[in-house]
Amino acid sequence: MLTTHALSLQIGPLCLLKRLDWQVDAGQSWVIIGRNGAGKSTLLRTLAALQSPAGGDILLQGRKLADWPASERARALSYLPQGRNDAFGYRVLDAVLAARHPHQHAYWESASDLDAARDALSALDIGHLATRDIRTLSGGERQRAAIAALLAQDTPLMLLDEPASALDLAHQISLMELVARLAREQGKALIMVSHELNLTLQHASHALLLFENGHWQAGPVSALQADDLGRCLGYPLQAIVHDGHTLYLPQTRLTP
Ligand SMILES: Nc1ncnc2c1ncn2[C@@H]1O[C@H](COP(=O)(O)OP(=O)(O)OP(=O)(O)O)[C@@H](O)[C@H]1O
């Protein structure tokens, strides 16, 4: 689905990523993990073709990302950025319908566009907000409306930047279950940035760790080591197995 060859990211003198060789296949859900400023959002924006890498190649379905016409690319990948800014008072349903634009052949949306938008709103538990002015939503509701729009876009590759950050615990869990289901049952490929370590690692299949100075490590979640994760996040962690799940907890530091 997505391949990178020697992908490097740099902002001014700051090297964020050095020669990333990476493959994301259909049915996989990846979480990108790293400290603040590690380059996670920059990587996601680069994969969404919103900024250029310092070097290397990104291939989407075998074709260079830069060679994709924008309208075709919008049917192949969707992107949820971190922040949102609503200048106009449109209805929640219309905001989600707008995400169907890449699939529309006529000026007006079709019945299947409406179905896709309504299904996406229900999946995010905000069907009852369909006719509300989007500017009146709470932070978590607005986040769920944005994720619903991403679902309605219905692309094989989905890029999500901190999708669970504004959500309450119950909605965080149902979002992660939804994401895992999309990968498992529909063969979607997902790449998420998340600071909700244990929640995300319970549902993701693979992890990409970003270390300082552009170093990285990629592999299945089942092969993750607490030492590597701790080094990546700048705090020692211990792995605890509970109910068949591995949880990563901060090690207690002995006070001198
Ligand atoms: N336009 C810019 N000008 C200068 N520095 C930038 C710019 N964009 C990003 N950076 C810097 O690049 C680094 C990586 O930013 P990025 O947003 O990718 O980090 P992140 O890993 O997503 O962090 P966080 O966990 O805090 O969201 C940061 O140090 C940031 O300050």
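Residues numbered from 1 in each chain as written. Predicted model: local features only at pLDDT ≥ 70, side-chain atom pairs only at ≥ 80, totals over all residues. Heavy atoms only, no water.

Where we set the bar: UniProt positions are given in the numbering used here, feature names are shortened, and annotations may be inferred rather than shown by experiment.
You'll find the protein entered in an unreviewed UniProt entry as ATP-binding cassette domain-containing protein, with Craterilacuibacter sinensis given as the organism. Taken directly from UniProt, the Subcellular location (unreviewed entry) text for the protein runs: "Cell membrane".

Looking at the pattern of salt bridges
Quick reminder of the rule: When a carboxyl oxygen of Asp or Glu is within 4 Å of a side-chain nitrogen of Lys or Arg, the pair counts as a salt bridge. Think of it in three bands: residues with accessible area under 20% of the maximum for their type are buried, residues over 50% are exposed, and the middle band is partly exposed, with areas taken using a 1.4 Å probe on protein chains only.
Scanning all chains against the criterion turns up eight salt bridges. Put simply, Glu72 and Arg63 hold a salt bridge, and the shortest N to O gap is 2.6 Å. Arg184 serves as the salt-bridge partner of Glu185, at 4.0 Å between the closest nitrogen and oxygen. Among the residues examined, Glu185 registers a relative accessible area of 58% and is labelled exposed.

Examining the sheet that holds strand β6 (residues 77-80)
Each strand in a sheet pairs with its neighbour through backbone hydrogen bonds, running either in the same direction (parallel) or in the opposite one (antiparallel). The cut-off we apply is this: Note: two strands are recorded as paired if DSSP finds a minimum of 2 bridges between them. In this text, helices come from DSSP runs of H or I with a minimum length of four residues, and strands from runs of E with a minimum of two, each type numbered from the N-terminal end. For helices, the fitted line uses only the C-alpha atoms of the stretch in contact; every axis is such a line through C-alpha atoms, and the angle between N-to-C directions lies from 0 to 180 degrees. Any two residues having at least one pair of non-hydrogen atoms within 4.5 Å are treated as being in contact.
Taken in spatial order, the six strands of this open sheet run β6-β7-β8-β3-β9-β10, and their pairing is mixed. Bordering the open sheet on either side are β6 and β10 (216-220), each of which pairs with just one other strand. Averaged over all adjacent pairs, the angle separating strand axes in this sheet is 15 degrees, with direction ignored. Pairing geometry for strand β3 (residues 29-33) and strand β8 (residues 189-193), over four bridges, is parallel. Bridge pairing in β8 places Trp30 opposite Ile191. Contacts from helix α8 (residues 226-233) reach β3, β9 (206-210) and β10, with the element oriented near 45 degrees to β9.

With respect to the side chain of His206
On the secondary structure map, His206 appears in strand β9. When sequence neighbours within four positions are dropped, the list of residues in contact with His206 reads Gln28, Ser29, Trp30, Val31, Gly219, Pro220 and Val221.

Notes on the nonpolar core
Put simply, the rule is: As used here, the term nonpolar core means buried Ala, Val, Leu, Ile, Met, Phe, Trp, Tyr and Cys residues forming a set that is joined through side-chain atoms within 4.5 Å. These domain boundaries are the output of an automatic or database domain assignment.
Val96, Leu121 and Leu124 are the most contacted members of the largest nonpolar core, which has 37 residues in total. Of all the secondary structure elements, the ones that give two or more residues to this core are α3 (92-98), α4 (111-123), α5 (139-153), β7 (157-161), α6 (169-186) and β8. Residue contributions to this core peak at eight residues, all from α5. Mapped onto the domain boundaries, this core takes at least three residues apiece from domain 1 (1-61 + 156-171 + 178-256) and domain 2 (81-155). Dropping the residues within four chain positions of it, Val96 is found in contact with Ala117, Ala120, Leu121, Ala145, Ala148, Ala149 and Ala152. Counting residues in hydrophobic clusters, the runner-up holds 29 residues, among them Ile58, Leu159, Ala189 and Leu208.

Considering the site of the ligand
Here is the rule: A cutoff of 4 Å decides nearness: a residue is near a molecule or strand if any of its heavy atoms lies inside that distance of it. Throughout this description, a polar contact denotes any pair of N or O atoms lying within 3.5 Å of each other; where both atoms belong to protein, one of them has to be capable of donating a hydrogen while the other can accept it, and for residues adjacent in sequence the pair is counted only when both atoms sit in side chains. Surface accessibility follows the Shrake-Rupley procedure with a 1.4 Å probe radius. Residue values consider only the protein chains on display as shielding. Residues are grouped as follows: Ala, Val, Leu, Ile, Met, Phe, Trp, Tyr, Cys and Pro are nonpolar; Asp, Glu, Lys and Arg are charged; all remaining types, including Gly, are polar.
Around the ligand, a shell composed of 14 residues is seen, among which Gly37, Gly39, Lys40, Ser41 and Thr42 lie nearest. For the ligand, an oxygen atom lies 2.9 Å from a polar atom in the side chain of His195. Taken by itself the ligand offers 640 Å² of open surface, and the protein chains cover 57% of this. Looking at the shell around the ligand, the elements with two or more residues in it are β2 (14-24) and α1 (40-47). Residue contributions to the shell around the ligand peak at three residues, all from α1. Of the residues assigned to the shell around the ligand, the class counts are four nonpolar, seven polar and three charged.

A closer look at the packing of aromatic side chains
One pair of aromatic rings is described through two measures. These are the centre distance and the angle between the planes. Put simply, the rule is: Two aromatic rings from Phe, Tyr or Trp, using only the six-membered ring of Trp, form a pair when their centres are within 6.5 Å; if the ring planes differ by under 30 degrees the pair is stacked, by over 60 it is edge-to-face, and anything between is tilted. Look at NZ for Lys and CZ for Arg. If either is within 6 Å of the ring centre and within 35 degrees of the ring normal, a charge sits over the ring.
Tallying each qualifying case throughout the model produces one aromatic pair. Ring centres of Trp22 and Trp30 lie 5.3 Å apart, and the angle between their planes is 90 degrees; this geometry places the pair in the edge-to-face category. What makes Trp30 buried here is its relative accessible area of 4%. One Lys or Arg, Arg63, reaches over the ring of Trp68 and ends 4.2 Å from the middle of that ring.

Some thoughts on the environment of Val24
Looking at the element boundaries, Val24 is found in strand β2. Not counting residues within four places of it along the chain, the set of residues in contact with Val24 comprises Met1, Leu2, Trp30, Ala189 and Ile191.

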